[in-house]
Structures are given as structure tokens and as C-alpha cells.
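Structural description and commentary
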Amino acid sequence: MTPSFRASLRDLAAARPDLLIIGGGITGAGIARDAALRGLDVVLVEARDFGEGTSSRSSRLIHGGLRYLEQGRLGLVTEALRERAVLLRLAPHLVRPLPFVLPVFRGDRLSRWKVTLGLSLYDVLAGRGNVRRHQSLGKRGVLRLEPLLRERGLVGGALFHDAQCDDARLTLAVVRAAAARGARVANHMRVVDLLRESNRIAGARLRDELSGEEGEVGARLVVNATGPWSDAVRRLEDPAARPNLRATRGSHLMIPAARISNRNAILFTSPVDGRVMFVLPWGEWSYVGTTDTDTDEPADQVHATDADLVYLLRSANALFPGAHLTPDDVVATWAGLRPLLAARPGLPEWAVSREHRILRGPGGMLTIAGGKLTTFRRMAAQLVDRAAGELGSAPGSGRELSESDPLPGGEAVVVEGFRGPGLDLGLPPATVDHLLRLYGGEAPALYTMCRERPGLAARLHPEHPAIEAQVVFAVERELARRPEDILARRIHLATETRDHGARAAGRVAELLAETLAALR
Ligand SMILES: Cc1cc2nc3c(=O)[nH]c(=O)nc-3n(C[C@H](O)[C@H](O)[C@H](O)COP(=O)(O)OP(=O)(O)OC[C@H]3O[C@@H](n4cnc5c(N)ncnc54)[C@H](O)[C@@H]3O)c2cc1C
């Protein structure tokens with residue numbers, strides 16, 4: 001179990017790590033873990049909360065990406081499918097197999113034979129790490145799996161498997177794994193400027209966003225892993241740096257599962273514009289995504305627009321005509337900026353590469369941008385190889401650990417064995433399931449808390465199975481420092497209750513303050 005240790009400005013002032021990583025999304029977290037596993041001295045700083053940028057606003061898929069097959073990007077798909085197999089193993093509680101139904105309608109851009117061909121190739125590329133081989137379905141087969149799907153024009157389809165993840169908790173788990181291997185990590189710690197020693201970038205000026213105080217950290221090498229913010233951070237090194245990214249906004253909306261009645265994940269082409277879209281199950285909820293709109297809005301302010309909502313609802317209604325979804329059904333929305341690599345002007349959004357790029361700035365700072373949640377480990381390995389070269393150390397030693405060292409909670413092979421003890425404690429089955437899903441092999445630590453302080457078994461919100469012990473755990477072990485860190489990214493009340501967790505907010509704030517006071 002990792003201790004909660006948020007490095008302070010004073011800790012950081014005394015450090016001179018091999019690597020200072022700026023940005024605590026999945027990319028920065030992955031680099032911190034990989035580097036720490038290889039024995040490098042690492043500091044990771046995040047301006048807001050871990051994962052608060054793009055890495056908690058994704059479609060939550062760990063996937064090869066069927067649409068990249070359409071673009072002929074076999075290398076990217078093969079790599080991502082391999083990563084899917086690794087992540088299913090490293091964090092089975094956070095990354096889970098997900099059955100998808102892919103319906104084909106008359107006139108769709110993807111015909112039945114193209115779908116069969118694509119999925120056969122997908123199975124082959126997944127090799128031995130495949131979740132399950134796809135199955136071609138006739139119209140009746142599709143309707144057996146999804147009885148409320150539009151029947152008009154349906155000609156058949158397929159059933160295939162990919163994986164779904166809890167993106168915010170996956171990012172957090174990777175940060176904690178890095179910390180467990182010695183990395184010093186701090187959320188709410190913003191880089192406001194870079195330090196130089198004879199024209200080389202040699203550290204950063206920091207502002208602790210919780211206290212408002214400023215300080216400095218020196219470093220042998222600085223890595224910019226700030227996703228959609230990475231061009232802004234590059235300009236701290238070189239004000240004339242040309243943009244490396246082209247941002248597109250992706251929005252999702254969450255609705256009660258009972259209102260749309262999908263039983264599986266559905267991958268379909270939007271009848272509005274022919275784009276590939278998803279309806280994805282999430283416990284009591286389903287979410288619909290995503291849009292892909294070129295935008296120059298600031299990354300801090302990105303949100304789902306009314307037009308996004310209309311587009312997503314129209315697409316979902318066309319797929320499930322009996323649902324008659326309206327904006328009143330929408331419980332929550334989230335949107336993020338895809339940090340896509342800038343490509344030739346005039347290329348449509350969907351055709352812009354999801355691959356990543358490593359750049360070296362004139363002061364020696366390494367910037368990594370692009371990529372996907374799914375391939376974070378591969379990106380991290382490449383960046384740390386490059387960093388090791390810059391630092392003059394051997395890249396090899398410890399490199400393989402990233403593929404075998406389980407993430408926190410992923411150590412237990414069969415989490416199901418923890419169900420009985422939770423029920424024996426008197427926790428409701430829905431709460432036990434929720435704890436197993438979020439904490440995996442760490443669930444017993446929450447049981448212990450409930451045993452020692454029975455009040456912590458109380459529910460936080462009448463609509464949600466989360467309990468008070470999770471708030472204490474979030475502060476003690478998961479570096480949560482503000483109520484929003486807990487409501488939005490540790491236990492998801494913000495997106496999984498109709499009032500966005502408002503009824504629990506007071507109690508969450510109280511427990512947070514109490515726990516922080518006890519830690520000091
Ligand atoms: C709508 C959408 C859907 C997606 N769906 C999927 C999917 O299903 N599967 C998949 O594999 N990928 C998906 N992706 C892609 C994936 O989410 C991103 O590639 C990934 O999350 C990017 O992570 P990152 O760490 O590079 O960036 P971010 O997560 O944005 O992290 C960058 C961090 O840097 C921090 N930062 C910025 N400036 C500073 C500073 N000055 N000091 C300190 N910190 C700073 C930010 O606060 C931020 O937390 C999706 C992306 C979007 C937008």
C-alpha cells in the first residue's frame with residue numbers, strides 16, 4: 001500500500017532529481033512510474049489534481065481503436081492491442097473486458113463485409129492477448145443482444161470485445177505506483193516558469209496552488225508532459241516555439257442506463273454525420289460520446305456545448321428510437337481536448353494522428369505530446385529511454401518491470417475473494433461491488449477502516465453506494481486535497497448522481513478537513 005505523500009515546496013527545494021516531470025495526467029504519471037521503476041530520482045508536479053486535465057475526460061476505453069484500422073494504421077492498432085492485454089493484467093479492477101455490439105444499417109459507411117474483415121484483422125492483430133474472438137451476427141442476432149435498437153434498416157452486425165477503464169483512477173493508480181517506487185509527487189503544484197543554467201533548462205519555479213506560496217526545484221532534466229497545455233509550457237522555454245498540437249474537443253454525456261436500455265457497449269456510425277460513436281455502459285448509467293470538433297478554446301475552460309449535447313442526443317435517439325432522450329435526461333457531461341499532433345492543414349479532425357511525438361527544445365527540455373490513454377506505458381518507455389540517453393545512464397535496467405509490476409489494487413489475482421468479508425461487515429452488496437471495482441485488492445483496507453470506525457461505513461449520498469471510509473482513504477492514501485478531487489475523480493459522485501454530489505459535499509469537506517488535520 002502506498003502512503004499518501006504530497007511533496008511540499010520545502011521537500012522540492014531540497015531535491016535535485018534526475019527528472020522533473022511537469023503534468024500529472026496519464027502521460028506524466030506513466031513516465032514517473034517507468035523512470036522510478038528504473039531507479040531514476042523523479043519529481044512529478046501537477047498544476048491541478050492528478051488526471052484533472054484530459055485524463056479524466058476520455059471515453060474510458062483501453063482499445064486498439066477500430067477506426068484506426070480503417071485508416072490503415074496497423075502498427076498503432078497492434079501496439080494498442082498489446083497494451084490492452086498488459087493493462088488488463090496490471091490493474092484488472094480498473095481495466096475490464098467490455099463486450100461491444102456493432103450494428104450495421106443499410107447505407108452505413110461500413111458495410112457488413114468490411115466490419116467482418118476489420119474485426120477478423122483486429123482478432124489477428126491482438127494475437128494471444130485477445131479478449132475474445134468476434135462473432136458476426138445477422139439482424140436477429142443483433143436484436144437478441146440489443147432488443148431496443150432501431151430495427152429499420154438494420155442488416156446485421158457483430159459482437160466483439162475491447163476493454164473499459166476508470167480513466168481518473170487509472171491515472172491516480174499510476175501516480176501512486178510511481179510514488180511507491182520513490183518518486184516525489186505533488187498535485188496542485190504549478191510550474192510558473194523554468195530555471196536556466198547557462199542556457200540549459202535546469203528546473204522550474206513552482207506555485208503551490210493550495211497555499212499560494214512559490215518555490216523552486218532544480219533538476220538534471222525537465223520533461224514537459226502537459227498534454228493540451230504542452231505548447232504553452234514549451235513557450236516558457238522558447239517563446240518562439242511553433243505549435244506542435246492541434247486540439248479537438250471531445251464531449252460526452254451521461255444518462256440513466258434505464259432511459260436508453262443498451263445492454264452492451266455499442267459502436268455505431270452516427271446517422272447525423274457518419275462519424276464513429278459509442279454508447280457505453282457504466283453501472284447504473286450509460287454515456288454517449290464523442291464529438292470531435294476543432295477548437296482553439298483554452299484547455300482549462302473546455303466544456304460540452306449545447307450543440308454537442310444536441311448532436312449526441314440526436315445520434316443516440318436515432319440508434320434507440322424508443323428512448324426519446326431529451327436534455328432533461330442528461331445527468332452529467334464532460335469534455336476534454338485531444339492533444340493531437342498538428343498535421344497538414346485541411347485534414348479532417350478524425351484523420352489527425354493519435355500517435356505521439358517527442359521534441360527536444362533549445363534548452364534541452366523534452367516535450368512529449370499526442371498519444372492515447374491506452375498506450376501510455378509505451379510512450380513512457382520511449383521517453384525514459386530518451387531521457388536516460390540525455391542523462392548518460394543505461395536505459396535498460398528495470399525497463400521490463402513496467403510490464404509486470406501491478407498497479408495498486410491490481411496485486412490480487414481474484415478480487416472476488418474480498419466480497420465475503422465486505423458482506424460479513426454488513427456493507428450492502430452494491431457498496432461491496434463498488435469498493436471492489438474502485439479499489440480491487442485494496443478494498444480490505446477500507447473494510448479495516450469501517451471495523452475500526454463503524455461510522456465510516458455510512459453512505460455519503462442516498463443515490464450512490466460510496467461510503468465515508470472512501471473519503472478518508474482518498475486523503476490518507478490517494479493525495480486528495482480538495483472536496484472536488486474526491487467528488488470528481490476518487491469516487492465519481494460528481495458524474496454519478498443527479499445533483500453532482502451536492503448532498504454529500506458538506507460531509508466530504510468535513511471528513512477531508514478532519515483527516516488532513518490528523519495527518520499533519
Ligand atoms: C474526448 C476524449 C476521449 C478520449 N478517449 C480515449 C479513449 O477512450 N481511450 C484512449 O486510449 N484515449 C482516449 N483519449 C486520449 C487520452 O485521453 C489522452 O491522450 C490522454 O489523457 C492525454 O494525457 P496527458 O497526460 O498527455 O494529458 P492530460 O491528461 O491533459 O495531462 C496534462 C496535465 O498537465 C497539467 N499541467 C498543465 N500545465 C501545467 C503546469 N504549468 N504545471 C504543472 N502541470 C501542468 C494539466 O493540469 C494536466 O493535468 C481521449 C481524449 C479525449 C479528449
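Our structure is the block above this text.
In this report, the structure presented in the accompanying data block is examined. Sequence order as written defines residue numbering, which begins from 1 separately in each chain. With the structure being a predicted model, the display of local features is reserved for residues of pLDDT at least 70 and the display and counting of side-chain atom pairs for 80 or more, all residues being used for whole-chain, interface and lining totals. Side-chain measures were taken over the full set of non-hydrogen atoms in the model, leaving aside hydrogen atoms and water.

Quick look at the pairing of strand E1 (residues 19-22)
Residue alternation in E1 divides its side chains into two sets, Leu19 and Ile21 and Leu20 and Ile22, and both sets are buried. Judged from the four bridges that link them, E1 and strand E2 (residues 42-45) form a sheet pairing that is parallel. By the bridge assignment for E2, leucine 20 is matched with valine 43. Look down the strands so they point away from you; if going from the first strand over the helix to the second traces a clockwise path, that crossover is right-handed. Labels follow the DSSP assignment, with helices taken as runs of H or I lasting at least four residues and strands as runs of E lasting at least two, numbered in each case from the N terminus. Crossover E1 to E2 through helix H2 (residues 26-37) is right-handed. Between any two strands, pairing holds if DSSP finds at least two bridges. By the bridge criterion, four bridges tie E1 to strand E11 (residues 221-224) in an arrangement that is parallel. To sort residues, take the accessible area from a 1.4 Å probe on protein chains only and compare it with the maximum for the residue type: under 20% means buried, over 50% means exposed, and anything in between is partly exposed.

A short note on the layout of surface pockets
In this structure, the second largest pocket occupies an estimated 540 Å³ of space. The wall of the second largest pocket is formed by 25 residues, among which Trp282, Gly283, Glu284, Trp285 and Arg437 lie closest to the centre. At five residues, the largest contribution of residues to the lining of the second largest pocket is made by helix H13 (residues 429-439). Three categories are distinguished: nonpolar for Ala, Val, Leu, Ile, Met, Phe, Trp, Tyr, Cys and Pro, charged for Asp, Glu, Lys and Arg, and polar for the others, with Gly belonging to the last. Its residues assigned to classes, the lining of the second largest pocket comprises 10 nonpolar, six polar and nine charged. The pocket and cavity definitions rest on a 1 Å grid over protein atoms only: a 1.4 Å probe that fits but cannot leave marks a cavity, an open set with protein on both sides within 12 Å along at least five of seven lines marks a pocket, and residues lining either have an atom within 4 Å of a point. Grid points are joined across faces, edges and corners, and a volume is the space filled by probe spheres set on the points.

Some details on the sheet that holds strand E8 (residues 189-197)
Strand order in the open sheet made by the three strands is E8-E9-E10, with antiparallel pairing throughout. In this open sheet, the two edge strands, each paired with only one partner strand, are E8 and strand E10 (214-218). With direction set aside, neighbouring strand axes in the sheet form an average angle of 30°. Inspection of the sheet shows E8 paired to strand E9 (residues 200-208) by eight bridges, in the antiparallel sense. Following the sheet pairing, arginine 190 is matched in E9 by arginine 207. An axis is simply a line fitted to the C-alpha atoms; with a helix, the fit covers only the stretch in contact. Between two such axes, the angle follows the N-to-C directions and lies from 0 to 180 degrees.

As for the packing of aromatic side chains
Each Phe, Tyr or Trp ring, with Trp reduced to its six-membered ring, pairs with another whose centre is within 6.5 Å; inter-plane angles below 30 degrees give stacked pairs, above 60 give edge-to-face pairs, and intermediate values give tilted ones. This structure, assessed with the given rule, holds six aromatic pairs. Judged by centre distance (6.3 Å) and plane angle (85°), the rings of tyrosine 122 and phenylalanine 160 are edge-to-face. Taken together, the residues span a long stretch of sequence, with tyrosine 122 in helix H5 (residues 112-126) and phenylalanine 160 in strand E6 (residues 154-165) at a distance of 38 residues. For phenylalanine 160, a relative accessible area of 2% corresponds to the buried category. Seen in terms of ring centroids, tyrosine 439 and phenylalanine 473 are 5.2 Å apart; in terms of plane orientation they differ by 80°. Their pairing is edge-to-face. Remark: phenylalanine 473 occurs in helix H15 (residues 469-477) and tyrosine 439 occurs in helix H13; sequence separation between them is 34 residues. Here tyrosine 439 and phenylalanine 473 have matching classes, each one buried.

Quick word on the site of the ligand
Working definition: residue near molecule or strand if any one of its non-hydrogen atoms lies within 4 Å of it. Taken together, 36 residues lie around the ligand, and Thr27, Glu46, Thr54, Ser55 and Thr374 are the ones closest in. Within the side chain of threonine 27, a nitrogen or oxygen atom sits 2.7 Å from an oxygen atom of the ligand. Only the protein chains shown count as covering a residue, and every accessible area follows the Shrake-Rupley method with a 1.4 Å probe. When the free accessible area of the ligand is taken as 1,000 Å², the share hidden by the protein chains comes to 96%. Among the secondary structure elements, those contributing two or more residues to the shell around the ligand are H2, E8, strand E12 (245-256) and strand E17 (332-341). Among the residues making up the shell around the ligand, the classes are represented as 12 nonpolar, 17 polar and seven charged. By the criterion applied in these results, polar contacts are pairs of N or O atoms within 3.5 Å in which, for protein atoms, one can donate a hydrogen and the other can accept it, and in which residues neighboring in sequence qualify only through two side-chain atoms.

Topic: the sheet that holds strand E19 (residues 366-370)
Judged by pairing direction, the sheet is mixed, and its six strands sit side by side in the order E7-E2-E1-E11-E19-E18 without closing on themselves. Every other strand in the sheet has two partners, leaving strand E7 (184-186) and strand E18 (356-360) as the edge strands with one partner each. Along the sheet, successive strands turn relative to each other by an average axial angle of 15°, direction set aside.

Description of the nonpolar core
The set of buried Ala, Val, Leu, Ile, Met, Phe, Trp, Tyr and Cys residues whose side-chain atoms join them within 4.5 Å is what this entry labels a nonpolar core. Counting residues in hydrophobic clusters, the biggest one holds 45 residues, and the most contacted among them are Leu19, Ile21, Ile31, Ile62, Val95, Leu170 and Leu407. With seven residues, the top contributor of residues to this core is helix H11 (residues 376-391).

Section: the pattern of salt bridges
Any two side chains of opposite charge can pair, given that their charged atoms come close. Here, a salt bridge means any side-chain nitrogen of Lys or Arg that lies within 4 Å of a carboxyl oxygen of Asp or Glu. A full pass over the atoms with the stated rule returns 44 salt bridges. Residues glutamate 70 and arginine 109 are paired through a salt bridge, measuring 2.1 Å at the closest nitrogen-oxygen approach. Taken together, the residues span a long stretch of sequence, with glutamate 70 in helix H3 (residues 66-70) and arginine 109 in the loop between strand E4 (95-105) and H5 at a distance of 39 residues. A relative accessible area of 42% means that arginine 109 is categorised as partly exposed. Notably, a salt bridge pairs arginine 399 with aspartate 385, separated by 2.6 Å at the nearest N-O pair. Linking arginine 399 in the loop between H11 and helix H12 (419-424) with aspartate 385 in helix H11, this pair joins segments that are 14 residues apart in sequence. We classify arginine 399 as partly exposed; its relative accessible area is 36%. Ionic contacts of the salt-bridge type, sharing partners, join the residues Arg48, Asp49, Glu52, Arg482, Glu484, Asp485, Arg489 and Arg490 into one network.

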